[in-house]
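Inside the fold
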Amino acid sequence: MSGQNFAFLLVLVAALGFFSYNIQRLVSYLKLGLPENRLDHPERRTWNLITIGFAQTRILRERGAGLSHASVFWGFLVITAGTAEILLHGVWPGFSYEHLLPRPLWQLFMLSQEIFAVIVLVAVSWLLWRRIVSPPKRLQGKEIHNTEAIIILFVIASLMLTLYTTGAFEYAANPAMRAAQYGWFRPISSLLGAALSGAPEGAMHAAYTVSFWSHALLVLGFLNFLPYSKHLHVVSSLINVWFSNTSGPGQVGVMKPMDLEAEVEQFGALDVDHLSWKNLLDGYSCTECGRCTAACPANITGKPLSPRKIVVDTRRRLMEKAPLMAGELDVEGSATLLMEAPGASDAFGNRLLDNYITEDELWACTSCRACVTECPVSIDQLDIIYELRRGLVLNEGRFPEEVQPTFESLEKNASPWAFSPADRARWSEGLNIPTYAEAFAEGKRPDILFWVGCMGSFDDRAKKITVAFARILQAADIDFAILGQEETCHGDPARRLGNEYLYQMLAKGTIETLDRYEVKTIVTFCPHCFHQMGNEFPQLGGNYEVIHHSTYIERLLNANMIPLTTEHGKHLTMTYHDSCYLGRYNDVYDSPRESLKRALPILTLVEPERTKDRGLCCGAGGGRMFVDEKVGKRINVERTEELIATGADVIAVACPFCMTMMTDGVAKLESAVTVLDISEVVAGQLAPVRSRELVAGD
Amino acid sequence: MKIAVCIKRVADMGARFQIGADGASVSDAGIKYDMSDFDEWAVEAALQLNEKHGGGEVTVISLGPDSAQETLRKALAMGADKAVHLKADRIPFDGFAIAEALAAELKDGGFDLVLFGRIAVDSAAGVTGAMVAELLDMPCVTAVSKLEVSGTTGTAERQVEGGVETLSFPLPALCTIDQGLVTQARYPSLKGIMAAKKKPMESKPAQLGAISVNVSKMELPPERSAGRIVGEGAAAVPELIRLLQTEAKVL
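Rules behind the numbers
Residues numbered from 1 in each chain as written. Chains lettered and ligands numbered in written order. Predicted model: local features only at pLDDT ≥ 70, side-chain atom pairs only at ≥ 80, totals over all residues. Heavy atoms only, no water. Helix = DSSP H or I, 4+ residues; strand = E, 2+ residues; numbered from the N terminus. Contact = heavy atoms within 4.5 Å. Areas by Shrake-Rupley, 256 points an atom, 1.4 Å probe, with all protein chains shown as cover. Lys, Arg positive; Asp, Glu negative; His and termini not counted. Charge placed at Lys NZ, Arg CZ, Asp CG, Glu CD. Domains from an automatic or database assignment. 1 Å grid on protein atoms, 1.4 Å probe; cavity = no way out; pocket = protein on both sides within 12 Å on 5 of 7 lines; lining within 4 Å. Points joined across faces, edges and corners; volume = space filled by probe spheres on them. Nonpolar A, V, L, I, M, F, W, Y, C, P; charged D, E, K, R; others polar. Pairing = 2+ DSSP bridges. Axes fitted to C-alpha atoms, helices over the stretch in contact; angles between N-to-C directions. Parallel < 35°, antiparallel > 145°, perpendicular 65-115°, else oblique. Left-handed = near helix turned anticlockwise from the far one by under 90°. Buried < 20%, exposed > 50% of the residue type's maximum accessible area, 1.4 Å probe, protein only. Buried area = accessible area lost by both parts, 1.4 Å probe. Salt bridge = Lys/Arg side-chain N within 4 Å of Asp/Glu carboxyl O.

Turning next to the overall build of chain B. Across its full length, chain B carries six helices and 11 strands. The principal-axis extent of the C-alpha atoms belonging to chain B is close to 70 × 45 × 40 Å. Considering only contacts within chain B whose residues lie at least 6 apart along the sequence, 71% involve residues at least 24 apart. Of the roughly 13300 Å² that chain B leaves accessible, carbon and sulfur atoms contribute 51%. Side-chain charges of chain B comprise 26 positive and 33 negative groups, with the mean position of each set lying 5 Å from the other.

Structure follows, in C-alpha cells:
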C-alpha cells in the first residue's frame, strides 16, 4: 500500500467514523420519543417504499420539480454504486468492478454512470436556476434554508463534473489502458480524455490525482454535511416512508388511540419527548420543500399555520433538548437531565408548545389532510398537531373560548349545539320513519340504521338533506330505522379539538346504544360520522359496517332500486366539491359524481381547479366549525369563488358541514348558484309516484 | 388566602321542564344537572384570587343528596383543593334552613373569604349568602362584579343602575358573585379531573335549620298561542293596529 493509499484510508475511516457517530447520535435522540409499533404489515410498508420511495410517485405529483428530483434521486442510486468502487479504489488501487463482472455487464455499468451523470447535471442545473432565478412561493420566506440548498446543488454538480474529469485525466495519463478501459461505454470521459491526450503525461497524472481526491473528498464531505442539514432526508426519507402510516397500513387519518387510565405525567404532547419516535423521525426527513404548506387551506388564506413549520420546529426543538439529556438512555427512552450543561436550564425551560409552536397555529388546522397527502416522504404533520391539541386541552384546559359552549353542550345535550335531545327526531314527524325502539317493540330487526347526525337532526338546511335521503330510502323500499331521541353525538368534534376525554365518553355511549340495538350496518350522509364510526370506533370496540350515502345511493342506482323520473328538466351544469373526510380520508371520489350523473344523465359535470385528492377544504373540518375564523380570508369564500368560477349552476356537496360553508360562501359572494347535497339532486329525480314533493327544488 | 365557596347543583336550564307527580317539584326525567352558573363564576373568582396572591386554599361546600358530590368533583377538577358535602335528602327551598347548615360548617373553618353565587339559577332567591353572613356575623357584599383583596381589606365593585359603586370592608367577609367578575369559568382539563379523584371530599349530615317555607305548587307558563297572519301589505295595517289595540292591548 502506497503512502497515498494509506492517507486515503485514514481519511476514509475518519469520515465514515464521524458519519457513523452522528447517525448514532441522531438515532439516540429518537429514543426520547414514545414507543410506537411500526413493524406491522411489512408487505404494505415495502410496497409504500417501492412506490412512494423508489418510484417517487408523490414527488412526481408536481411535474417539473418532481421529474428533476426523481432524476437526481435515480442518478444518485446508480452513481452510488460507482462511488463505492471509487472509494475502495482509493485504498486498494487494484480494485475494480471490471474484475468482478462479465465484460458486457461492466461496460453497461460504466455507461450507466456516465449517462446518469448527464441526467443529474441537467436536473441540477434546472433546480439551481429555479432556486436562484424564479423560486416558487413555497420556496420563499424566512423558514427556508435557501443558501444550504444552493450549496448542496453545487456540490452535486461538482461531483458529476469530477466524475468526468477523473476519467478524462486517467485517459490522458495512461495511453496503455485506453483500449481496454475506455470506448463507447464511457463516451464523455473518452472524448474529454482524447482532447487532452496531447498534454504531458506527468501533468495529467497530477491532474488525475487532484481530480480523484477532489471527488472523493466531496463525497465524504457531502456525507458528513448531511446530519447537520435538511439534506439528512437523503439518509432518513426512505426509512421514513417504510415506517409511515400515512398511506396505510391501516385506515388513513385515524387518530392515535389513547389510554385515559394510564398513569402518565401528561396527556398528549407538550414537548418533543411526548411525541412518538416516528414523529421525531418525520422531523429528520423533512426537506422543507413546502408542498404541505402550499396545499394548506389555512396557510393559503393567511392563517398563522404552516405544516412545514410544525415539522421543522419539532426537529429544531429536538436538536435543542436532546443534547441536554444524558447519553445513557434506557430501553424506554426515559432520560436523566444534564442540568449542569451550559445554557441547559434555559433551553430546558423551553418546550415545543408555546416556545416553538403556538396555540393559534394549532387551532388554525382544518385537519383536511392536504399536507399529509402532498408530502413526498410520508410525513404526518397532522399527527403532531393532534397530539399538541390534546396536550393543550387535556392538561391545561386551553382552547379558543368559543369552543367551551361546544364542549359543554356535548356534555349536556350530546350534540355540539345547545338543542334539546328531545327535538332530535322532529324532522321525521309525519314521514312514517320508525325508530329502533319502535321496531324492537314490534320484534323487528331493521337491516339498516340511518344515522342522521347532529347537523342532520338540528340544522335547518341540513334537515332538508335528511328528509331527501330518507325519501330515497323509502322509494327504494329499504328496511331502515333511525335511533330518534336515542341518537347521540359520537364525539368526533371533541376528539378533533383535542378533548379525548369527552370524546371517549360520548363514543362509548354511542357504541352502547348501537350494540343494544344489534346494529350491523349504518348509512349516514355526514362524512365525519362516517369516518368516526367506521374507522375510529374499532379502537373502542365498536365494529360496524358504515356506508356513506354517496356510496349507498350509487349502489342503489346501480341495482336500479331507485325509481327515477324520465323528466330531466332543464340542462344543468354542476360542480362537485370534495369533502375531505370522504375523499382524502376514505378515498371516495367517484361515488358522488357517479350518483349525480346517473340520477340526472343530462347534466354537465365540471371540475374546479383543485379537485379530488387536491380538493380545497371548506374550512369546517377538525373542529373549525366551532372556532371563529378571525384571521385572513375566509376559507369557504376562497373555495366558493373557485367553484363559482367553473360556471356551474349548482354546487353539489356530500357533507352537511361543506353544505353550511358553501351556502355561506355563495351568500357572501351574492351569487345565484344553488348548493345541493347529492341526495337532494337524486331525490329531485324520484319518480312522481313515490315522491310527493321535490325536495331539491325548494 | 383561605377561601370557601358554597355551590349548588341545579338542573340544566336548557332542558324542557315538566312538573313532577306531586305538582310542586320539577320532574327528574331527561334532566341533566350541573353547577349553578353564578357558583361556577364564584369558584373561578376564588381560584383566580389565590393564583394572583400565591398559595392559599379553596374549599368548596355543597348541600344536597349524594349527587351533589358530582358537582363538588367538578369544582375540584377546576382546581379547588378540598370539598365538603353536607348531606340532605333534598335541597329545601327555604334559604334560611340551608344558611344555618352552611354557617354551622363555615363557623370554625377560619376562612378569610366566603363566596356564593349571586343567585342559584333554579330558585333565583338570592338570599342564602346574605343569611349566612348574618349568622356568621361577617360583612356582606352582594352581587360583586369586581373583587380585590389587599392584606386584611377587601374592595368590591357592584354594578348599580347607571353606574358602579366601590365598597371596602375588612376580612373575613362574605361576597356573592355576579356575572361579569370573570369572563368564563375554566373548563376542567383531564389532568384536573384525574387530580380531583385524589383530592379530599368529606361527607357529613347537613345540620339543616327548621324549614318554614315550602313550595306548594308549580306551574309551567301558559303555552304561547300560534301567530296569526292578519293580511298582506299596506291594506292589512289598519286591521293590525286595531288588533294590537283591542286584543293585544300593547298600543
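The rest of the description comes next.
Now for the domain arrangement of chain A. If you check the domain split of chain A, you get domain 1 (3–30 + 62–134 + 146–228), domain 2 (272–328 + 340–401), domain 3 (406–557) and domain 4 (565–683). Here the C-alpha centroids of domain 1 of chain A and domain 3 of chain A sit 62 Å apart.

With that settled, the discussion passes to empty space enclosed by the protein. Residues and elements named next belong to chain A. Scanning the entire structure with this criterion turns up seven cavities of 30 Å³ or more. Of the volumes computed, that of the largest cavity is approximately 130 Å³. Lining the largest cavity are 17 residues; nearest its centre among them are Cys-454, His-490, Cys-526, Cys-529 and Phe-657. Among the elements of the structure, α21 (453–458), α23 (492–496), α25 (527–536) and α29 (656–668) are those that each provide at least two residues to the lining of the largest cavity. When the residues that make up the lining of the largest cavity are grouped by side-chain class, the tally is 12 nonpolar, four polar and one charged. Space inside the second largest cavity adds up to approximately 90 Å³. Residue lining of the second largest cavity: 13 residues in total, with Cys-296, Leu-305, Cys-365, Cys-368 and Cys-371 positioned closest to the centre.

Its location among the elements puts Glu-70 of chain B in helix α2 (residues 68–78). For the pair Glu-70 of chain B and Tyr-33 of chain B, spaced 37 residues apart in the sequence, the C-alpha separation amounts to 9.4 Å.

Residues and elements named next belong to chain A. Pairing within the open sheet is parallel, and its four strands lie in the order β2-β1-β3-β4. Each of the sheet's edge strands pairs with one partner strand only, and the pair in question is β2 (480–481) and β4 (545–548). Here strand β1 (residues 448–451) pairs with strand β3 (residues 521–524) via three bridges, running parallel. When the sheet's bridge partners are listed, Trp-451 is paired in β3 with Thr-524. Across the face of the sheet, helix α22 (residues 460–475) comes into contact with β1, β2 and β3 while running at roughly 165 degrees to β1.

All names here are of chain B. Helix α4 (residues 128–136) packs onto helix α3 (residues 95–106) with a crossing angle of 50 degrees between their chain directions and a minimal axis gap of 8 Å. Here α3 is positioned oblique relative to α4, judged by the angle of their axes. As α3 packs across α4, the resulting crossing turns out to be right-handed. Of the residues in α4, those in contact with Gly-95, Phe-96, Ile-98, Ala-99, Glu-100, Leu-102, Ala-103 and Leu-106 of α3 are Thr-128, Met-131, Val-132, Leu-135 and Leu-136.

In this section: helix α2 (residues 42–54) of chain A. Residues and elements named next belong to chain A. When α2 is considered as a whole, its buried residues turn out to be Arg-45, Asn-48, Leu-49, Thr-51, Ile-52 and Gly-53. Each element contacted by the buried residues of α2 is listed here: α3 (63–91) and α9 (233–243). Two residues or fewer after α2 comes Gln-56, characterised by a positive phi angle close to 60 degrees.

Below, the discussion takes up the interface of chain A and chain B. Taken together, the 23 residues of chain A in the interface contact 14 residues of chain B. For the pair chain A and chain B, the two sides together bury roughly 1700 Å², of which 50% comes from carbon and sulfur. The largest per-residue losses of area from chain A upon contact with chain B belong to Gln-404, Lys-412 and Tyr-501 of chain A, which jointly make up 34% of the total buried on that side. The residue Lys-412 of chain A makes a salt bridge to Asp-12 of chain B at a minimum N-O spacing of 4.0 Å.

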